[in-house]
Structures are given as C-alpha cells and as structure tokens.
Amino acid sequence: MNGPRRELRVWLDDDRARRPAPRGWIHVTKASEAIALLGSGRVVELSLDHDLGDEAKRGSGADVLDYLARQQELCGRDLWPRDGITLHAADARARDAMARTIREYAGKVSRIEQRRTADGRARFAFRRRPRR
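Residues numbered from 1 in each chain as written. Predicted model: local features only at pLDDT ≥ 70, side-chain atom pairs only at ≥ 80, totals over all residues. Heavy atoms only, no water.

Draft legend 1. Highlighting the overall build of the chain. Counting its secondary structure elements, the chain contains four helices and six strands. Mapped from its N terminus to its C terminus, the chain presents α and β elements in the order β-β-α-β-α-α-β-α-β-β. Relative to its length of 132 residues, the chain is compact, with a C-alpha radius of gyration of 14 Å against a globular reference of 14 Å. If one aligns the C-alpha atoms of the chain with their principal axes, the spans along those axes are about 45 × 40 × 30 Å. Counting the 132 residues in the chain, one finds 42% classified as buried. Put simply, 56% of the contacts in the chain that link residues at least 6 apart link residues at least 24 apart. As displayed, the chain offers around 7,800 Å² of accessible surface, 46% of which is attributable to carbon and sulfur atoms. Between the centroid of the 29 positive side chains of the chain and the centroid of its 20 negative side chains there is a distance of 6 Å. (Helix = DSSP H or I, 4+ residues; strand = E, 2+ residues; numbered from the N terminus. Rg over C-alpha atoms; globule rule 2.2 N^0.38 Å. Buried < 20%, exposed > 50% of the residue type's maximum accessible area, 1.4 Å probe, protein only. Contact = heavy atoms within 4.5 Å. Areas by Shrake-Rupley, 256 points an atom, 1.4 Å probe, with all protein chains shown as cover. Lys, Arg positive; Asp, Glu negative; His and termini not counted. Charge placed at Lys NZ, Arg CZ, Asp CG, Glu CD.)

Draft legend 2. Region of interest: helix α4 (residues 92-106). If you check α4, its first and last C-alpha atoms are 21 Å apart, about what 15 residues at 1.5 Å a residue would give, namely 21 Å. Taken together, the buried positions of α4 are occupied by Ala94, Met98, Ala99, Thr101, Ile102 and Ala106. The buried side chains of α4 occupy one side of the element, clustering within an arc of 155 degrees when seen end-on. Along α4, the residues that are exposed and aim more than 90 degrees away from the buried face are Arg93 and Arg100. In this fold, the buried residues of α4 make contact with β3 (43-48), α3 (61-75), β4 (85-87), β5 (110-116) and β6 (122-128). (Expected span 1.5 Å × (residues − 1). Arc of directions from axis to C-beta.)

Right, here's the structure in full:
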C-alpha cells in the first residue's frame, strides 16, 4: 500500500553554501534533477536560479521552465507548481526571459499573479482557470 504523496518544494541553485534551500525544501543543483522531481507531479513550489555553473553538465533554470512548457503544449500535462515559482536568479536578462516564459505558457492555463518577495525576487502565483 502506498502512503500519501508527499508534496515537494524544490530549490534549484548550484551554490549550496551561499544560497542554501529554505528549511523543508529539496535543494538540487542540476536542471535535470528539478525536471525529474517535476515529472512526479508532486512539486507544489519551485524557486529557480538561472546560471548553474557548467551549462552543458548542469543545464539552467530556463531548461526547467522549457520542460514545463513542453509538458503543457505537447503532452497536455499542467505541471506548473500550485503554490508558485520564485526566480532568485541574479542575471537580470536571464530572469526576464524566464519570466516571459512563465507568462506565455502558464498564462494559457492559469491566471498569473506576479509580485515581488520581501527581498525583491520575482514571484509568480497561479490560479487555475476552469476547464472548458
């Protein structure tokens, strides 16, 4: 018998020492690790850095958002985290591009509420639209 499906909060960042995950979050350092957890359908909140060091080996935060968009567009799976996405990337250009991806794709299935966290990070909350 399977137990209850544990909800996951995923923090993607390559720097465990200077930017550790908040208590109760899973800290991953590669885009592929975040994607594997998203594929489980249990991720309810996500916080993404963009630059993860060696992009060829680790990917980027944008790769995670591209995965969510592909799942939605090609597979009909809405995996956008219920409790939202925070972008904690320092690179303004990359952060803006990631925000555009969220608005473009998640905006098709949810009403998006964008605001700033207390420390100035971009935060996106999703309110699912009723199915037709």
